[in-house]
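Read off the chains here:
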Amino acid sequence: MSSPPTSPEPPADLDAFREDTRRWLADACPQSMRGPVPPGEGLNWGGSDQADQSEDSRLWLTRMAEQGFTLPEWPVEYGGGGLNRAEAKILRQELKALRARPALTGVGQLLLGPVLLEVGSETQKLEHLPKIARGQVRWCQGYSEPGAGSDLASLQCRAEDQGHHYLVNGSKLWTSYADRADWIFCLVRTDPDAKKHDGIGFLLIDMKSPGISTSKIRLISGESPFCETFFENVTVPKAQMLGEPTGGWGIAKKLLQYERSAAASLGGSSAVGGGSMLELAKEVVGLQHGTLADPELRLRIAQLKMDQSAMALSARRVGEEKREGTVGGTGAILKYVGTELNKKRYEVLMSILGTQGLGWDGSEYKPRDLATTRAWLRSKANSIEGGTSEIQLNIIAKRVLGMPD
Ligand SMILES: Cc1cc2nc3c(=O)[nH]c(=O)nc-3n(C[C@H](O)[C@H](O)[C@H](O)COP(=O)(O)OP(=O)(O)OC[C@H]3O[C@@H](n4cnc5c(N)ncnc54)[C@H](O)[C@@H]3O)c2cc1C
């Protein structure tokens, strides 16, 4: 493999950085990690449980992590690449040109990491961030409870101060991949007498701690991506509290902003398997006089494309405004529009597939079509997870438009 581009300082010559990066990626990225993720295969979420990952996927993660390229803009001491914005953009462009799939994904990288960077103590950052960046630890999110979803601040999972440690009792619901995660970040009630938003802590808990158990919940798509998580007299060191013991609500909201931005990006996705929707429509529906045979479908695809372009431009504008520090409350708008758009996209995909989209399993259906049908069902949850569409509309009404209660 060619020598890697190791420059935490911005190189004088971005062209040279691009050249080195391109050469390094061409050597480092296994062929099977290029192009769309085949149906049935998933991205690498990191963590100790890598059983479902191919050798190439593990190799790709290791190589990218060694370079700090899984989180290129994080500081080097926290496992990042120390790249500046221009370099990170070049890296993204070169990865895209190679059609390389992300080496790592997950809530540690997307949600907890950025919050830890902002509010974690130096000890917490050094302990957790490098393990996130290298994909060594997989995190899950312990927010929702049986009586606390939209009204999250009603949560009851209790963390009692026992002097040297907290004693945690209670349960969490809809904890995505709790059965496969190494650690969980959890909202816990630390002061039951305080007003509900004021008595909440943000606790980092090792899933191997005695007293934690999980039970899988099955979805309509046939998958079991989430669990109920139980805590019975779980001992958690006090050093694992992020921020003040009763200041967790503010941290929880910060993290939700990252979650909603990530959910918003769903709106711009292409067809299942990475091909374009138009290619799929041409193949399934066919052409007449050089255009799609079904004029109504043609219209729906064109409308969706326009909506996706508008969404992408808005997301870019919001990103730029955020960097200038001039905007607030737009996460809810993007989450709402992005996830509703993704549901619409799957409705169009299902219309394209027609009877081909009615399969559940069996060799008479193409794997791509079976995957699309299941993903269509999964997309229904997009406007629930990370806060429902109704709640986003409430936030937009109150915080963005300033409407009265
Ligand atoms: C696929 C998926 C993955 C998830 N992963 C996780 C995870 O990893 N960790 C985690 O902690 N949670 C997770 N969740 C839970 C998710 O955050 C909650 O489902 C969501 O916040 C809604 O809460 P709820 O299910 O209790 O619904 P409820 O709050 O009971 O809401 C039921 C309905 O009432 C509506 N409603 C409620 N209050 C209002 C109001 N004030 N105004 C208008 N309408 C209202 C809602 O919009 C919804 O339609 C996940 C959910 C899904 C679907």
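These remarks concern the structure in this document. (Residues numbered from 1 in each chain as written. Predicted model: local features only at pLDDT ≥ 70, side-chain atom pairs only at ≥ 80, totals over all residues. Heavy atoms only, no water.)

## Concerning the pairing of strand 1 (residues 139-142)
Covered by surrounding structure in strand 1 are Trp 139 and Gln 141 together with Cys 140 and Gly 142, the residues of both alternating faces. Relative to strand 4 (residues 183-189), strand 1 is paired through four bridges, and the arrangement is parallel. Opposite Gly 142, over in strand 4, you have Cys 186 as the bridge partner. (Buried < 20%, exposed > 50% of the residue type's maximum accessible area, 1.4 Å probe, protein only. Helix = DSSP H or I, 4+ residues; strand = E, 2+ residues; numbered from the N terminus. Pairing = 2+ DSSP bridges.)

## Re the pairing of strand 4
By the criterion of burial, strand 4 is predominantly enclosed, with seven of the seven residues buried. Taking every second residue as pointing to the same face, both faces of strand 4 are buried, with Trp 183, Phe 185, Leu 187 and Arg 189 on one and Ile 184, Cys 186 and Val 188 on the other.

## Focus: a positive patch on the surface
Judged by side-chain charge, Arg 85, Lys 89, Arg 316 and Arg 323 come together as a positively charged surface patch. Elements that contribute at least two residues to the positive patch include exactly helix 3 (85-97) and helix 8 (295-324). One can find Lys 89 in helix 3. What makes Lys 89 partly exposed here is its relative accessible area of 48%. (Patch = residues over 30% accessible without salt bridge, like charges linked within 9 Å, V, L, I, M, F, W, Y side chains within 5 Å. Areas by Shrake-Rupley, 256 points an atom, 1.4 Å probe, with all protein chains shown as cover. Salt bridge = Lys/Arg side-chain N within 4 Å of Asp/Glu carboxyl O. Lys, Arg positive; Asp, Glu negative; His and termini not counted. Charge placed at Lys NZ, Arg CZ, Asp CG, Glu CD.)

## Re the packing of helix 4 (residues 107-119) against helix 5 (residues 122-133)
Running from amino to carboxyl end, helix 4 crosses helix 5 at an angle of 160°, the nearest separation of the two axes being 10 Å. Between helix 4 and helix 5, the crossing angle belongs to the class labelled roughly antiparallel. Regarding helix 4 and helix 5, the two cross each other, and that crossing is left-handed. Packed against helix 4, whose contacting residues are Gly 108, Gln 109, Leu 112, Gly 113, Leu 116 and Leu 117, the element helix 5 presents Gln 124, Lys 125, His 128, Leu 129 and Ile 132 at the interface. Here the residues of the contact of helix 4 with helix 5 sort into five nonpolar, five polar and one charged. (Axes fitted to C-alpha atoms, helices over the stretch in contact; angles between N-to-C directions. Parallel < 35°, antiparallel > 145°, perpendicular 65-115°, else oblique. Left-handed = near helix turned anticlockwise from the far one by under 90°. Contact = heavy atoms within 4.5 Å. Nonpolar A, V, L, I, M, F, W, Y, C, P; charged D, E, K, R; others polar.)

## Structural notes on the site of the ligand
If you check the shell around the ligand, you find 19 residues, and the closest are Ser 144, Ser 150, Trp 174, Thr 388 and Glu 390. In this structure, Trp 174 approaches the ligand through a main-chain N or O atom, which is 3.0 Å from a nitrogen atom. In the environment of the ligand, an oxygen atom lies 2.7 Å from a nitrogen or oxygen atom belonging to the side chain of Glu 390. Relative to its free-state accessible area of 970 Å², the ligand is covered by the protein chains to the extent of 66%. Listing elements by their share of the shell around the ligand, those giving two or more residues are strand 3 (165-176) and helix 11 (389-400). For the shell around the ligand, the leading source of residues is strand 3, giving four residues. (Near = heavy atom within 4 Å. Polar contact = N/O pair within 3.5 Å; in protein donor to acceptor, adjacent residues only side chain to side chain.)

## Focus on the nonpolar core
Judged by nonpolar contacts, the single largest core of 30 residues is most densely connected at Leu 112, Trp 139, Tyr 143, Phe 185 and Phe 202. Of all the secondary structure elements, the ones that give two or more residues to this core are helix 4, helix 5, strand 4, strand 5 (200-206) and helix 6 (248-264). If near-sequence neighbours (up to four positions away) are discounted, Tyr 143 is found in contact with Leu 152, Lys 172, Phe 185, Leu 187, Phe 202, Ile 251, Ala 252, Leu 255 and Leu 256. (Core = buried A, V, L, I, M, F, W, Y, C linked by side-chain atoms within 4.5 Å.)

## Some points on the pattern of salt bridges
Enumeration over the complete set of coordinates arrives at 22 salt bridges. Salt-bridge contacts for Arg 23 lead to Asp 20; the nearest nitrogen and oxygen are separated by 3.7 Å. Here Asp 20 and Arg 23 lie together in helix 1 (residues 14-28), a separation of three residues that amounts to about one turn.

## Here we look at the packing of aromatic side chains
Counted under the stated rule, the structure contains eight aromatic pairs. When the ring of Trp 139 is compared with that of Trp 183, the centres are 5.4 Å apart and the planes differ by 45°; the resulting orientation is tilted. One end of the pair, Trp 139, is in strand 1; the other, Trp 183, is in strand 4, with 44 residues separating them in the sequence. Here Trp 139 falls in the buried class, since its relative accessible area comes to 4%. What makes Trp 183 buried here is its relative accessible area of 12%. Judged by centre distance (6.4 Å) and plane angle (40°), the rings of Trp 139 and Phe 185 are tilted. Pair noted here: Trp 139 is in strand 1 and Phe 185 is in strand 4, with a separation of 46 residues, a long-range link. (Phe/Tyr/Trp six-rings, centres within 6.5 Å; stacked < 30°, edge-to-face > 60°.)

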